[in-house]
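The lines below spell out each chain.
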Amino acid sequence: MSKVKVDQNAADFIYMDDIHQPTHDKNLWNARMKRDTAASGIPEWEQMRDLASQIKEHTLTHLDHYVQQFVTEATKRGVTVHFAKDDIEHNQTVYDILKSHHATKIVKSKSMLQEECDMGAFLEARGIELIETDLGERIQQLSGEMPSHIVMPAIHKTTADVAELFARTIGTDPNEDDPKQLTEAMRNNARPKFLEAHAGLTGANFAIAETGAFVVCTNEGNADLTASIPPLHIASIGIEKILPKTKDLGLFIRLLSRSALGTPATRYTSHFMGPRESGTEMHIVLTDNGRSRRLGMEDFWRSLKCIRCGACMNTCPVYRRSGGLAYGATYSGPIGIIIDPTFDESKFSELPFHSSLCGSCSEVCPVRINIAEQIGLWRQRMVNINESSKTLHYAFGAVEKVFANPKLFRLAEKAAYYGMKLTPNWLLYHKKLNAWGKHRELPEIKKETFRDWYIKNRLKK
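Note that the structure is predicted; figures quoted are calculated from it, not measured.

A.B. asks: Looking at this model, I keep getting lost on the overall build of the chain. Mind explaining?
C.D. replies: Across its full length, the chain holds 22 helices and 10 strands. A globule of 461 residues ought to have a C-alpha radius of gyration of about 23 Å, and the chain, at 25 Å, matches this closely. A principal-axis box enclosing the C-alpha atoms of the chain has dimensions of 90 × 55 × 45 Å. Among the 461 residues that make up the chain, the fraction classed as buried is 48%. Within the chain, contacts between residues separated by at least 24 positions form 74% of all contacts whose residues are at least 6 apart in sequence. Surface summary for the chain: the accessible area is close to 22,700 Å², and the carbon and sulfur share equals 54%.

This is the structure we're talking about:
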């Protein structure tokens, strides 16, 4: 499988016009500021982060016990639980359930696990009509694109983009770009689909081992309609979503929405504890898809603590400017950098090098994943397995030797000064030799270095 071309993808977004990138940056930074305001209003915020991290680490290090407890309790409540070891088994299991119920029309609430498994394409190829009911996910479905953000899938689009898309796909007025009117148009388009659906598919934000229940958090209420109107409800749940007890939920609900959008809670926090009534069914597809393998990776297992809030994406200077589609994966931004290579190290080998390592992602993570540290470890991993850029590998090898030898370093300083003075611009800014200089001026190099100045002005005194 070919490597993701992150540089080109990012350039396509940054230089498409003067609107998309600045708007994307502004909207995400606003979310980050709202997060900070919400967090500052809770005196015990840092203690909450500590506790959430401890609960997740405890659960992950006892995952076999809690998975079994969850399955036992869910089964008692009349839920049929299926196990899927990977994306292939997940998709086939969902399809088999739908086929056994002659379900050909389904409505789907937002689920990153189902996106991760590319379930939509799998079902549609087998004659299943699938409608995304989350507004952002529906926009992306109509666009033929993957989500660009965990929480706000279409955040990279402007209202003008959405107006054009809706006019082309659902027949709205192309000149109507008011967000409220666009939302209403999609609501009117989607509501009849709920009534026609043979089955509803959801994900889960949290699953409770103690009770066998699971929770879905939304701001549109679409998950409630998805789960409560059709007679068949299928929930896809990653094994890392499990929490030990119901009382743990309060902590994570307080952290989730504040971290994601700066709001006290999502508008709908829906608890599902079994089939609604006779004549209805609930199925859970409990999915691994590389999670247990990642749990065994000493350096990277803590990424499983992620509660999919997207706070690290909202604060990341690289993500805010490059757009989520640049990452070429279900998970983008800092969290994507440390998750995606666990699925395919070769395909996503460039991602760890697309970070400033400023540490802002680690500062805002509600469960204290040290994302910046993990990105650094992934860089080391890519170098060790020869998946890093060969040019970068040799360049840093040369830099290491120069920095380790003071005489060689001083010689390099002088050579750089005269080299910059004498080399013609067409060579200095050659697109193949200096990609960095394609959009930037090279820094000026002074003839007199700080060391020269210090020896002349201070050392003798």
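A.B. asks: Sorry, what's going on with the pattern of salt bridges here?
C.D. replies: When the charged atoms of two side chains with opposite charge come close together, those side chains can pair. All told, the structure shown has 22 salt bridges when counted by the stated rule. Across the pair Asp36 and Arg32 runs a salt bridge, and its minimum N-O distance is 3.0 Å. Placement of both Asp36 and Arg32 in helix H2 (residues 20–40) is noted, with a separation of four residues, approximately one turn of the helix. The partly exposed category is assigned to Asp36, whose relative accessible area is 23%. For Glu448, the salt bridge is made with Lys456, and the minimal N-O distance between the two is 2.8 Å. Within the structure, one salt-bridge network assembled from shared partners comprises Glu46, Arg49, Asp50 and Arg368.

A.B. asks: I'm lost on the environment of Thr423 in this one. Help?
C.D. replies: Position of Thr423 relative to the elements: it lies in the loop between helix H20 (406–422) and helix H21 (425–428). One polar contact links the side chain of Thr423 to the main-chain carbonyl oxygen of Gly419, over a distance of 2.5 Å.

A.B. asks: Can you walk me through the sheet that holds strand E9 (residues 268–272) in this structure?
C.D. replies: Adjacent strands of a sheet pair through backbone hydrogen bonds, lying either parallel or antiparallel. Here four strands make up an open sheet; going across it, the order is E8-E5-E6-E9 and the pairing mixed. The sheet is open, and its two borders are formed by strand E8 (242–243) and E9, each paired with just one other strand. Judged from the three bridges that link them, strand E5 (residues 206–208) and strand E6 (residues 213–218) form a sheet pairing that is antiparallel. Paired with Ala207 across the two strands is Phe214, which belongs to E6.

A.B. asks: I would appreciate a short explanation of the domain arrangement of the chain in the present structure.
C.D. replies: Accessible area lost upon the coming together of the parts serves often as the stated size of an interface. Segmenting the chain into domains produces domain 1 (1–35 + 309–388), domain 2 (42–289) and domain 3 (397–459). Distance between the C-alpha centres of domain 1 and domain 3: 30 Å.

A.B. asks: Help me understand the nonpolar core in this model?
C.D. replies: Generally speaking, nonpolar side chains in soluble globular proteins are found buried as a group. Membership of the largest hydrophobic core comes to 56 residues, with the highest contact counts inside it found for Phe206, Phe252, Ile335, Ile338 and Ile369. Per-element accounting of this core gives the leading share, seven residues, to helix H12 (residues 248–261). Residue-level mapping places this core at the junction of two domains, with at least three residues from each of domain 1 (1–35 + 309–388) and domain 2 (42–289). When sequence neighbours within four positions are dropped, the list of residues in contact with Ile335 reads Ile150, Cys306, Cys312 and Ile369. Counting 26 residues, the second largest nonpolar core, distinct from the first, contains Tyr66, Val67, Ile239 and Met282.

A.B. asks: In this structure, what is going on with the packing of aromatic side chains? I would like to understand it.
C.D. replies: Remark: the centre distance and the inter-plane angle together describe each pair of aromatic rings, the angle taken between the planes. Taken as a whole and assessed by the stated rule, the structure comprises nine aromatic pairs. Taken together, a centroid distance of 6.0 Å and an interplanar angle of 25° make the contact between Phe450 and Trp453 stacked. Here Phe450 and its partner Trp453 are both found in helix H22 (residues 450–459), three residues apart, which amounts to about one turn of the helix. Looking at Phe450, the relative accessible area reads 61%, which means it is exposed. According to the relative accessible area criterion, Trp453 is partly exposed, its value standing at 32%. Here the aromatic residues Phe450, Trp453 and Tyr454 are joined through ring pairs into a cluster of three or more. Directly above the aromatic system of Phe122 lies the positively charged group of Arg126, at a separation of 3.6 Å from the ring centroid.

A.B. asks: Can you walk me through the packing of helix H19 (residues 390–404) against H20 in this structure?
C.D. replies: A pair of packed helices is captured by two measures, namely the crossing angle of their axes and the spacing between those axes. Here H19 crosses H20 at 110°, and the two axes come no closer than 5 Å. One way to sum up the angle between H19 and H20 is to call them roughly perpendicular. Contacts between H19 and H20 involve Lys401, Val402, Phe403 and Ala404 on the former and, on the latter, Pro406, Leu408, Phe409 and Ala412. Residue composition of the contact of H19 with H20, grouped by class: seven nonpolar, no polar and one charged.

A.B. asks: Any chance you could explain the environment of Arg458 here in plain terms?
C.D. replies: Checked against the element boundaries, Arg458 lands in helix H22. Considering only alpha carbons, one finds Arg458 and Ala74, 384 residues apart in sequence, at a separation of 75 Å.

A.B. asks: I tried to follow the pairing of strand E7 (residues 232–238) on my own but got confused; where do I start?
C.D. replies: On any regular strand, side chains alternate: one points to one face of the sheet, the next to the other face. Within E7, seven of the seven residues are buried, which leaves it mostly tucked inside the rest of the structure. Across three bridges, strand E4 (residues 199–202) lies against E7 in parallel orientation. Bridge pairing in E7 places Gly200 opposite His233.

A.B. asks: What is the right way to look at the packing of helix H8 (residues 135–143) against helix H9 (residues 159–169) in this model?
C.D. replies: Put simply, H8 and H9 touch, their axes get as near as 10 Å, and they point 65° apart. Crossing handedness for the pair H8 and H9: left-handed. Counted together, Leu135, Ile139, Leu142 and Ser143 of H8 and Val162, Leu165, Phe166 and Thr169 of H9 form the full contact between these two elements.

A.B. asks: I tried to follow the side chain of Arg320 on my own but got confused; where do I start?
C.D. replies: Structurally, Arg320 is set in helix H15 (residues 317–322). A relative accessible area of 7% places Arg320 in the buried class. A distance of 2.6 Å separates the side chain of Arg320 from the side chain of Asp25, its partner in a polar contact. Not counting residues up to four positions away in its chain, the partners in contact with Arg320 are Gln21, His24, Asp25, Leu28, Trp29, Met313, Asn314 and Thr315.

Quick notes on the rules
- Residues numbered from 1 in each chain as written.
- Predicted model: local features only at pLDDT ≥ 70, side-chain atom pairs only at ≥ 80, totals over all residues.
- Heavy atoms only, no water.
- Helix = DSSP H or I, 4+ residues; strand = E, 2+ residues; numbered from the N terminus.
- Rg over C-alpha atoms; globule rule 2.2 N^0.38 Å.
- Buried < 20%, exposed > 50% of the residue type's maximum accessible area, 1.4 Å probe, protein only.
- Contact = heavy atoms within 4.5 Å.
- Areas by Shrake-Rupley, 256 points an atom, 1.4 Å probe, with all protein chains shown as cover.
- Salt bridge = Lys/Arg side-chain N within 4 Å of Asp/Glu carboxyl O.
- Polar contact = N/O pair within 3.5 Å; in protein donor to acceptor, adjacent residues only side chain to side chain.
- Pairing = 2+ DSSP bridges.
- Domains from an automatic or database assignment.
- Core = buried A, V, L, I, M, F, W, Y, C linked by side-chain atoms within 4.5 Å.
- Phe/Tyr/Trp six-rings, centres within 6.5 Å; stacked < 30°, edge-to-face > 60°.
- Lys NZ or Arg CZ within 6 Å of the ring centre and 35° of its normal.
- Axes fitted to C-alpha atoms, helices over the stretch in contact; angles between N-to-C directions.
- Parallel < 35°, antiparallel > 145°, perpendicular 65-115°, else oblique.
- Nonpolar A, V, L, I, M, F, W, Y, C, P; charged D, E, K, R; others polar.
- Left-handed = near helix turned anticlockwise from the far one by under 90°.

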